[in-house]
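Structural overview for review
Listed below are the residues making up each chain.
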Amino acid sequence: MKRRHQIAGGLVRVIAATIFCALTIASEHQGVMAVSFNSAKAQDRQSQSFDICSGAVRINCVVDGDTFWLDGIKIRIADMDAPEISQPACAAERRTGEMAKQRLLTLLNEGTFSLRNGPRDEDRYGRKLRIVERNHRSLGEMLVEDGLARRWNGPARNWCSFD
């Protein structure tokens, strides 16, 4: 019985040490994000190199015109809606969605940005809802101005009318 307690105690210490190390590494890796991720008046602190997402591992990449991964966390831009590329209603929607994805990639790679909480913390798919800003200007609004997205609560847009 004493031997079991020694083994169990050793196992608990190993697990605790592993968790501590993992949390320490995660907090060092995401320290800047933790500051701006939850701050309503965040300074532009995020600066990563983004690619287009491919494969199962997604750290810093763009999925489509309104969704990207930052430090392994999936983020949905909360103040706009981009055309669909995974299940578009027509070829024009897919083309515009691809242009929105490329534009978002460019915008994210242009320098530091901040994340501000959206109307809710997460959407029904578990994505973090955030307003993405650079110098207090919304990247989502930039995509809307470019004609590559619509405001989230704005009028519906028929992307297929361009066919």
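See the structure printed just above.
Residues numbered from 1 in each chain as written. Predicted model: local features only at pLDDT ≥ 70, side-chain atom pairs only at ≥ 80, totals over all residues. Heavy atoms only, no water.

1. What about the nonpolar core?
- Residues Phe-50, Phe-68, Leu-108 and Val-132 are the most contacted members of the largest nonpolar core, which totals 22 residues.
- Secondary-structure elements contributing two or more residues to this core are β3 (67-70), β4 (73-77), α2 (91-109) and α3 (139-145).
- Per-element accounting of this core gives the leading share, five residues, to α2. (Core = buried A, V, L, I, M, F, W, Y, C linked by side-chain atoms within 4.5 Å. Buried < 20%, exposed > 50% of the residue type's maximum accessible area, 1.4 Å probe, protein only. Helix = DSSP H or I, 4+ residues; strand = E, 2+ residues; numbered from the N terminus.)

2. What about α2?
- Under the 1.5 Å per step criterion, the end-to-end length of α2 is 27 Å for 19 residues, consistent within 8% with the ideal 27 Å.
- Regarding α2, the residues found buried are Ala-92, Glu-93, Thr-96, Gly-97, Ala-100, Lys-101, Leu-104, Leu-105, Leu-107 and Leu-108.
- On the buried face of α2, the contacting elements are β1 (51-52), β2 (61-64), β3, β4, β7 (128-134) and α3.
- Positive backbone phi, at 150°, marks Gly-111, one or two positions downstream of α2. (Expected span 1.5 Å × (residues − 1). Contact = heavy atoms within 4.5 Å.)

3. Some details on the packing of aromatic side chains
- Going through the model one piece at a time under the given rule, you end up with three aromatic pairs.
- An angle of 45° between the planes, with centres 6.1 Å apart, marks the rings of Phe-50 and Phe-113 as tilted. Here Phe-113 lies in the loop between α2 and β6 (114-122) and Phe-50 lies in the loop between α1 (2-37) and β1, a separation of 63 residues in the sequence.
- Phe-113 gets classed as buried once you look at its relative accessible area, which sits at 0%.
- Among the aromatic residues, ring-to-ring pairing joins Phe-50, Phe-68 and Phe-113 into one connected group. (Phe/Tyr/Trp six-rings, centres within 6.5 Å; stacked < 30°, edge-to-face > 60°.)

4. Let's talk about the pairing of β6
- Pairing of β6 with β7, which is carried by five bridges, proceeds in the antiparallel orientation. In the strand pairing of β7, Glu-122 is matched with Lys-128.
- The antiparallel pairing of β6 with β7 creates a hairpin that spans five residues between the two strands, and Gly-126 there sits at a positive phi of about 85°. (Pairing = 2+ DSSP bridges.)

5. Points about the pattern of salt bridges
- For the structure shown, the criterion picks out 13 salt bridges.
- A salt bridge links Asp-81 to Arg-76; the nearest nitrogen and oxygen atoms lie 3.0 Å apart. As far as the burial class goes, Asp-81 and Arg-76 line up, both buried.
- Here Arg-150 makes a salt bridge to Asp-81, at a shortest N to O gap of 3.6 Å. Of this pair, Arg-150 sits in strand β9 (residues 150-151) while Asp-81 sits in strand β5 (residues 80-81), and the two are 69 residues apart along the sequence. Taken individually, Arg-150 and Asp-81 each receive the classification buried, so the pair is uniform in this respect.
- Salt bridges here are not isolated pairs; linked through shared partners, they connect Asp-66, Arg-76, Asp-81 and Arg-150. (Salt bridge = Lys/Arg side-chain N within 4 Å of Asp/Glu carboxyl O.)

6. So, the state of the cysteines
- Enumeration according to the criterion identifies two disulfides in this entry.
- With its sulfur 2.0 Å from that of its partner, Cys-53 forms a disulfide with Cys-61. Since a negative S-S torsion denotes a left-handed disulfide, the Cys-53-Cys-61 link at about 90° is right-handed.
- Relative accessible area serves as the criterion here: at 13%, Cys-53 is assigned to the buried category.
- For Cys-61, a relative accessible area of 5% gives the class buried.
- Paired by a disulfide, Cys-90 and Cys-160 hold their sulfur atoms 2.1 Å apart. (Disulfide = S-S within 2.5 Å.)

7. Overview of the pairing of β3
- Covered by surrounding structure in β3 are Thr-67 and Trp-69 together with Phe-68 and Leu-70, the residues of both alternating faces.
- Two strands pair when backbone bridges link them, and β2 and β3 are joined in this way by three bridges, in the antiparallel orientation. Across the sheet, Asp-64 pairs through a bridge with Thr-67, a residue of β3.
- Between β2 and β3, which pair antiparallel in sequence order, lie two residues.
- In the sheet, β3 pairs with β4 via four bridges, with the strands oriented antiparallel. Paired with Thr-67 across the strands is Arg-76, a residue of β4.
- Once β3 ends, the chain turns through two residues before running back antiparallel as β4, passing Asp-71 with a positive phi of about 50°.

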